[in-house]
Amino acid sequence: MTRSISILGATGSVGEQTLDLIRRNPDEWQVEALTANCSAKQLATFAREFSAKIAVVSDESCLPELREALVGTDIEAAGGRAALCEAASRPVDITVAAIVGCAGLAPVMAAIEQGGTLALANKEALVSAGDVMTAAVAKHGPTLLPVDSEHNAIFQCLQGNDIADVARITLTASGGPLRTWSLDQLRAATPAQAIAHPNWDMGAKISVDSATMMNKGLEYIEAHHLFPVGLDRLKIVVHPQSVIHSMVEYRDKSTLAQLGPSDMRVPIASCLAWPRRMDTPMESLDLAAIGELSFFAPDEARFPATRLAREAIEAGAGAPATLNAANEVAVAAFLAGQIGFMDITAVVESTLNRYSAPAPQTLDDVLNVDREARSAATAQLETA
Ligand code: NAD
Ligand code: MG
C-alpha cells in the first residue's frame, strides 16, 4: 500500500535524509509536495526524481528559476508564503515538517489542519506557538510524531507506559563542538568552529544552536509541550558520545533509554514507519568499539542558553516565542560575522528583559510576537 507524503524543507539536512529513506523504497510512497526556501534547481531535481505533484519555493523571486527547471514535466510549480501554506494544506498521509525557524510555523499549522500525521523536526515552530499548536493538534486530531532525536527517543521510551507514571525525563545533549572551551575561548569562537559538530551533520542554524546549547534550550521547551510531565521532571545531561538519545525514568526507578547511531535517518525512519519499523542503511551500534559513555551536568556559566529557555517557559506568555525569535536574529548575525559567539545568548537575554510579549492565542498572535521580538533583538545587536 502506498502512502502519500509532503516534505516541507525538502532541500535541507532533515529533508534530504527523509528523501534518502524514501528513495530506498520508492514504490511505497507517493510524493505530494516538496518545498524549499529558494534552492530552485535542487528542489526541481528532487521533484523530478520523486515525481512530486507540486514543488514550492517560499521565496517568490525564485519561482521563475523553478518553473524553468521543471519545463517538460507536469509538476506544478508555485512560489510565495501563501503557496507554501496551500501546498502544506493538501491532504496527505504524512507531512515531514523540516523547515528551519519560525518561518515553518504557518505551513505546519496548515498541515495540522489537514489532519494527516505530522512528523515534526521544525522545533522552532512548536517553541514559538506552544499551546496554540498543541490546541490545534487536539482539535484537528493528527498524530504528532517527534523527529528530533531526543524527543523521538522519549516517544519510543513512553510506548506501552502511562505518562502519569513518569518520574523524570532526561534530555541528553552532546555539548557541541565547544563543550570544553573556556569562557575566553568561547568569546573568540568563529562560525566555522561553532558549526563543526563532532557527532551530527546538520544545517548551519541548528549547528550554532548546538554549540551555544540553545538547541537543548529549545528542546527543553519542545519536550515540555510534547510530554507534559511538569518542568520539575524535565532534566538535561551532557553526554558527548550522543549514543543515548534520551531517557525516561518511571516511578519505580526503572529508566528506559533509546540508543542508536548519531544519524537522523534513525528517528526519521521511526516516524515514517510508525507504529511499525523499517530498514535503515546504518551500521549497528558497536558498543565495544565506542567503549565508554560519559555524562556531565550542564555548565550554565559558559552556556547560559538552557537557563534562558527554562526561564522563558516558566515566564510563559510570549517569552518562548521571544526567546526563539531573538535567537534566530542573533544566530544569523553571528554567522554573518556581526557579533561574537557569547553575544548570541546575551542578545537573547537582553531581548527577553526588554520586550514583554503578551500570551498568543492564535497563529497571527504568535507571528506578531515573532515580528516584534525580531525588531527588539535587531536593536540589541547594536549594543552587542
Ligand atoms: P537546513 O537549513 O538544512 O534546511 C532547512 C530547510 O528549510 C531547507 O529546505 C530550506 O530551503 C528551508 N527553508 C529555510 N528557510 C526557509 C524559509 N524562510 N521559508 C521556507 N523554507 C525555508 O535545516 P535542518 O538542519 O534540516 O533543520 C530543519 C529543522 O529540523 C530545524 O528546525 C532543526 O532544528 C530541526 N532538526 C534538525 C536536525 C538535523 O540533524 N539537521 C536534527 C533535529 C532537528
Ligand atoms: Mg535534537
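Positions within a chain are numbered from 1, following the residues in the order the chain's sequence is written. Labels follow written order: the first chain is A, the first ligand is 1, and so on. Residues qualify for local features only when their pLDDT is at least 70, as the model is predicted, and side-chain atom pairs are given and counted only at 80 or more; totals for whole chains, interfaces and linings, by contrast, use all residues.

Enquirer: Would you mind showing me how to read the overall build of the protein here?
Expert: When its secondary structure is counted, the protein shows 18 helices and 11 strands. Our radius of gyration is a C-alpha quantity, and the globule rule it is checked against amounts to 2.2 Å times the number of residues to the power 0.38. Here the C-alpha atoms of the protein give a radius of gyration of 20 Å, agreeing with the 21 Å that 2.2 N^0.38 yields for 384 residues. Overall, the protein is about 55 × 50 × 40 Å in size when its C-alpha atoms are taken along their principal axes. As a rule, residues whose C-beta atom has 12 or fewer other C-beta atoms within 10 Å are exposed, those with 20 or more are buried, and those in between are partly exposed; C-beta atoms are placed from the backbone. Burial statistics for the protein: of 384 residues in total, 48% are counted as buried. Here, residue contact means that the backbone-derived C-beta atoms of the two residues sit within 7 Å. Of all intrachain contacts in the protein linking residues separated by at least 6 positions in sequence, the fraction that spans at least 24 positions is 67%. Counting from the N terminus, the helices are DSSP H or I runs at least four residues long and the strands are E runs at least two residues long.

Enquirer: Just to check I follow, could you spell out the sheet that holds strand β9 (residues 234–238) for this structure?
Expert: Each strand in a sheet pairs with another by means of backbone hydrogen bonds, the pair being arranged parallel or else antiparallel. Reading across from one edge, β9-β8-β10-β11 is the order of the 4 strands in this open sheet, with mixed pairing throughout. Each end of this open sheet is capped by a strand with a single partner; those strands are β9 and β11 (255–259). Here the strands of the sheet are splayed against their neighbours by 20° on average, with no regard to which way each runs. Examined bridge by bridge, strand β10 (residues 244–250) and β11 share 5 bridges and lie antiparallel to one another. Of the residues in β11, the one forming a bridge with Ile-244 is Leu-259. Each pair of strands is called paired provided DSSP finds at least two bridges between the two strands. Between the N-to-C directions of two axes lies an angle of 0 to 180 degrees, each axis being a line fitted to C-alpha atoms and, for a helix, fitted only over the stretch in contact.

Enquirer: Any chance you could explain the packing of helix α16 (residues 319–335) against helix α17 (residues 341–354) here in plain terms?
Expert: Two quantities define a packed helix pair, namely the angle between the axes and the distance from one axis to the other. Contact pair α16 / α17: the axes reach a minimum separation of 8 Å and the direction vectors enclose 150°. The pairing of α16 with α17 is recorded here as roughly antiparallel in orientation. As for how α16 packs across α17, the hand of that crossing is right-handed. Listed contacts from α17 to Ala-319, Thr-322, Leu-323, Ala-326, Asn-327, Ala-330, Val-331 and Phe-334 of α16 are Phe-341, Asp-343, Ile-344, Val-347, Val-348, Thr-351 and Leu-352. In this count, Pro and Cys sit with the nonpolar residues alongside Ala, Val, Leu, Ile, Met, Phe, Trp and Tyr, while Asp, Glu, Lys and Arg are called charged and the others, Gly among them, polar. A per-class count over the contact of α16 with α17 returns 11 nonpolar, 3 polar and 1 charged. In this scheme, roughly parallel covers angles under 35 degrees and roughly antiparallel covers those over 145, while 65 to 115 is roughly perpendicular and the rest are oblique. Two helices that cross are described as forming a left-handed crossing if the nearer one is turned anticlockwise from the farther one by less than a right angle, and a right-handed crossing if clockwise.

Enquirer: Is there a simple way to think about the packing of helix α12 (residues 214–226) against helix α15 (residues 305–315) in this case?
Expert: Contact pair α12 / α15: the axes reach a minimum separation of 7 Å and the direction vectors enclose 30°. Put simply, α12 runs roughly parallel to α15. Between α12 and α15 lies a crossing of right-handed hand. From α12, Met-214, Lys-216, Gly-217, Leu-218, Tyr-220, Ile-221 and His-224 reach across to α15, where they touch Ala-305, Thr-306, Leu-308, Ala-309, Arg-310 and Ile-313. Residue composition of the contact of α12 with α15, grouped by class: 8 nonpolar, 3 polar and 2 charged.

Enquirer: Explanation requested: the domain arrangement of the protein in the structure shown.
Expert: The parts lose accessible area when they come together, and the size of an interface is often stated as this lost area. Looking at the protein, the domain boundaries give domain 1 (3–146), domain 2 (150–262 + 287–299) and domain 3 (316–384). Where each domain begins and ends is defined by an automated method or by a domain database. The centre of domain 2, based on its C-alpha atoms, is set 23 Å off from the matching centre of domain 3. At the interface, 13 residues of domain 2 touch 11 residues of domain 3. Of all elements in the fold, only α9 (183–187), α10 (191–194), α11 (204–212) and α12 reach the threshold of two or more residues within the side of domain 2 that touches domain 3. If one sorts the elements of the side of domain 2 that touches domain 3 by residue count, α11 sits on top with 5 residues.

Enquirer: Please clarify how the sheet that holds strand β7 (residues 144–146) should be interpreted in this entry.
Expert: Read across the open sheet, the 7 strands follow the order β4-β3-β2-β1-β5-β6-β7; overall the sheet is parallel. The open sheet has two free edges, formed respectively by β4 (76–79) and β7, since each of these has just one partner strand. Here the strands of the sheet are splayed against their neighbours by 20° on average, with no regard to which way each runs.

Enquirer: Is there a simple way to think about helix α8 (residues 149–158) in this case?
Expert: Each turn of an α-helix holds 3.6 residues, which means side chains three or four residues apart point in the same direction. For α8, the buried fraction is high: 8 of the 10 residues fall into the buried class. Of all the residues in α8, the buried ones are Ser-149, Glu-150, His-151, Asn-152, Ala-153, Ile-154, Phe-155 and Cys-157. Those residues of α8 hidden inside the fold are in contact with β7, β8 (166–173), α12, β10, β11 and α13 (265–273). The positive-phi residue at the C-terminal boundary of α8 is Gly-160, with phi of around 80°.

Enquirer: Would you explain the site of ligand 1 in this entry?
Expert: Residues are counted as near a molecule or strand when the C-beta atom, derived from backbone positions, lies within 6 Å of that molecule or strand. Of all residues adjacent to ligand 1, which total 26 residues, the nearest are Gly-9, Gly-12, Ala-103, Met-202 and Gly-203. Going through the elements one at a time, α1 (13–23), α6 (123–129) and α11 are the ones with two or more residues in the shell around ligand 1. The leading source of residues in the shell around ligand 1 is α1, at 3 residues. Within the shell around ligand 1, the residues separate by chemical class into 12 nonpolar, 10 polar and 4 charged. Both domain 1 (3–146) and domain 2 (150–262 + 287–299) contribute no fewer than three residues apiece to the shell around ligand 1.

Enquirer: What's the story with unusual backbone geometry in this structure? I'm lost.
Expert: Here Trp-274 and Pro-275 are connected by a cis peptide whose omega angle stands at 5°. Checked against the element boundaries, Pro-275 lands in the loop between α13 and α14 (287–290). A positive phi angle, near 75°, is found at Met-213, a position not held by glycine. Within the fold, Met-213 resides in the loop between α11 and α12.

Enquirer: Would you mind going over α17 with me for this structure?
Expert: Take the residue count of a helix, subtract one, and multiply by 1.5 Å to get its expected span. Taking 1.5 Å per residue as the helical rise, α17 with its 14 residues ought to reach 20 Å, and the 21 Å between its terminal C-alpha atoms agrees with that figure. All of the buried residues along α17 are Phe-341, Met-342, Ile-344, Thr-345, Val-347, Val-348, Thr-351 and Leu-352.

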